[in-house]
Protein chains: 2
Amino acid sequence: MKATRNTTAKTAVLEIFEKSKTALSHSEIQKQLNDVCDRVTIYRILDRLVNDDIVHKISNLDGTVKYAKCNHSNQRVHIHNHAHFSCENCHEITCLENVKPSYIMPHNYKVKEINFTLSGLCPNCLNSNI
Amino acid sequence: MKATRNTTAKTAVLEIFEKSKTALSHSEIQKQLNDVCDRVTIYRILDRLVNDDIVHKISNLDGTVKYAKCNHSNQRVHIHNHAHFSCENCHEITCLENVKPSYIMPHNYKVKEINFTLSGLCPNCLNSNI
DNA sequence: AATTTTATCGCAACAATGTTGCAATTGATA
DNA sequence: TATCAATTGCAACATTGTTGCGATAAAATT
């Protein structure tokens, strides 16, 4: 595999992820980057980060795509099978690292990956009694 | 609420859903429709069908959106909390009506809807030992 | 059956998101 | 510092989805 380089743009993107507690979309990253680099470059950086397992990609119910930094802290083998929560009010996506669903599959399917997204109200919006 | 009409295009779309065992994307429907109606009309028909609870919308891991006919047979109250299976080989999406995940949430989140998608190999592709 | 009402349609135009090719740039390494 | 290849910017394009509006056609009413 090819070596990935640490470029100005990539570092800037990583800093943004570091600061953010929630998952970010391409356009949100673009806004925060303030023309550090081209739109296309952000796509390519995100692709690389996903490939290098530094960031994971989350597709939402509403069709939007977001990215979040991976939390490798506890696991040797890195699998993204945790749940995500999507707030219908503030539209923030948070990783629920500890929520893992259990389920029973019909045999003759081979499951390799799961995506479990819950939506509703996040603690913040719930408290603002909306 | 407004009354929905039975138009030629809507009937054609429903027939396609009837024939299909898997979920269909807008473009797949468009191909099968053979210019029965405009691209935009298909979007509007799908919106109406989702609204009328005749079809449900499925957002996939890869960002694609598909639609499938609802199976109301057993339930009075109709909830789409069943799982979907996405085959990484043939890219078909199937509803797993009977697979429902169980999970434990942190308190202070209010869950209203869940989306549970599994991916891997479907029975067909598994048998063709790929 | 003709008329009326309004849901639906087609078309054009637009917006958002993502991709590709290619020449120029720049990070890493020797 | 020179070299090599990963990365970038730009332009162009593809796909997906949305909106406004005048025309059309279901369905209800007369």
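Here, every reference points to the structure presented above.
Residues numbered from 1 in each chain as written. Chains lettered and ligands numbered in written order. Predicted model: local features only at pLDDT ≥ 70, side-chain atom pairs only at ≥ 80, totals over all residues. Heavy atoms only, no water.

Draft legend 1. Quick look at the relation of the copies chain B and chain A. For the pair chain B and chain A, the relating rotation is 179°, the translation along its axis is 0.0 Å, and the fit reaches an RMSD of 0.2 Å. Such a combination of turn and shift is consistent with a two-fold rotation axis. Minimal C-alpha distance to the rotation axis in chain B is attained by F116 of chain B, lying at 2.3 Å. Same-surface contact between copies: 100% of interface residues of chain B are shared with the interface of chain A. (Least-squares fit on C-alpha atoms with pLDDT ≥ 70 in both. Contact = heavy atoms within 4.5 Å.)

Draft legend 2. Geometry of the packing of helix α1 (residues 8–19) of chain A against helix α2 (residues 26–33) of chain A. All names here are of chain A. Running from N to C, α1 and α2 cross one another at 110°; their axes reach a closest spacing of 10 Å. Here α1 lies roughly perpendicular to α2, going by the angle between them. For the pair α1 and α2, the contacting residues are A12, V13, I16 and F17 in the first and I29, Q32 and L33 in the second. Classifying every residue of the contact of α1 with α2 gives six nonpolar, one polar and no charged. (Axes fitted to C-alpha atoms, helices over the stretch in contact; angles between N-to-C directions. Helix = DSSP H or I, 4+ residues; strand = E, 2+ residues; numbered from the N terminus. Parallel < 35°, antiparallel > 145°, perpendicular 65-115°, else oblique. Nonpolar A, V, L, I, M, F, W, Y, C, P; charged D, E, K, R; others polar.)

Draft legend 3. Inspection of the interface of chain B and chain A at higher detail. Contacts between chain B and chain A engage 34 residues on the former and 34 residues on the latter. The junction of chain B with chain A conceals about 2900 Å² of combined surface from both sides, 63% of it contributed by carbon and sulfur atoms. It is L61, Y109 and N115 of chain B that lose the most area in chain B upon contact with chain A, and together they represent 19% of the buried surface on that side. One can count 11 residue pairs in polar contact (both at pLDDT 80 or more) joining chain B with chain A. Broken down by secondary-structure element, the contributors of at least two residues to the side of chain B that touches chain A are β5 (93–96), β6 (110–121) and α4 (123–127) of chain B. Per-element accounting of the side of chain B that touches chain A gives the leading share, 12 residues, to β6 of chain B. Residue composition of the side of chain B that touches chain A, by class: 18 nonpolar, 10 polar and six charged. Summarising the sheet, strand β6 (residues 110–121) of chain A and β6 of chain B pair through 11 bridges and their orientation is antiparallel. By the bridge assignment, N115 of chain A is partnered in β6 of chain B with T117 of chain B. (Buried area = accessible area lost by both parts, 1.4 Å probe. Polar contact = N/O pair within 3.5 Å; in protein donor to acceptor, adjacent residues only side chain to side chain. Pairing = 2+ DSSP bridges.)

Draft legend 4. Broad picture of the protein's contact with DNA strand D. The full set close to DNA strand D counts 23 residues, and R5, T7, T41, R44 and R48 of chain A are the nearest of them. Per the 4 Å cut-off to the protein, sugar and phosphate atoms form 56% of the nearby atoms of DNA strand D. Contacts to DNA strand D include R44 of chain A, whose side-chain N or O atom sits 2.7 Å from a base oxygen. Among the secondary structure elements, those contributing two or more residues to the surface near DNA strand D are α3 (39–51) of chain A together with α2 (26–33) and α3 (39–51) of chain B. The element contributing the most residues to the surface near DNA strand D is α3 of chain A, with five residues. Here the surface near DNA strand D is built from residues that sort into nine nonpolar, six polar and eight charged. (Near = heavy atom within 4 Å.)

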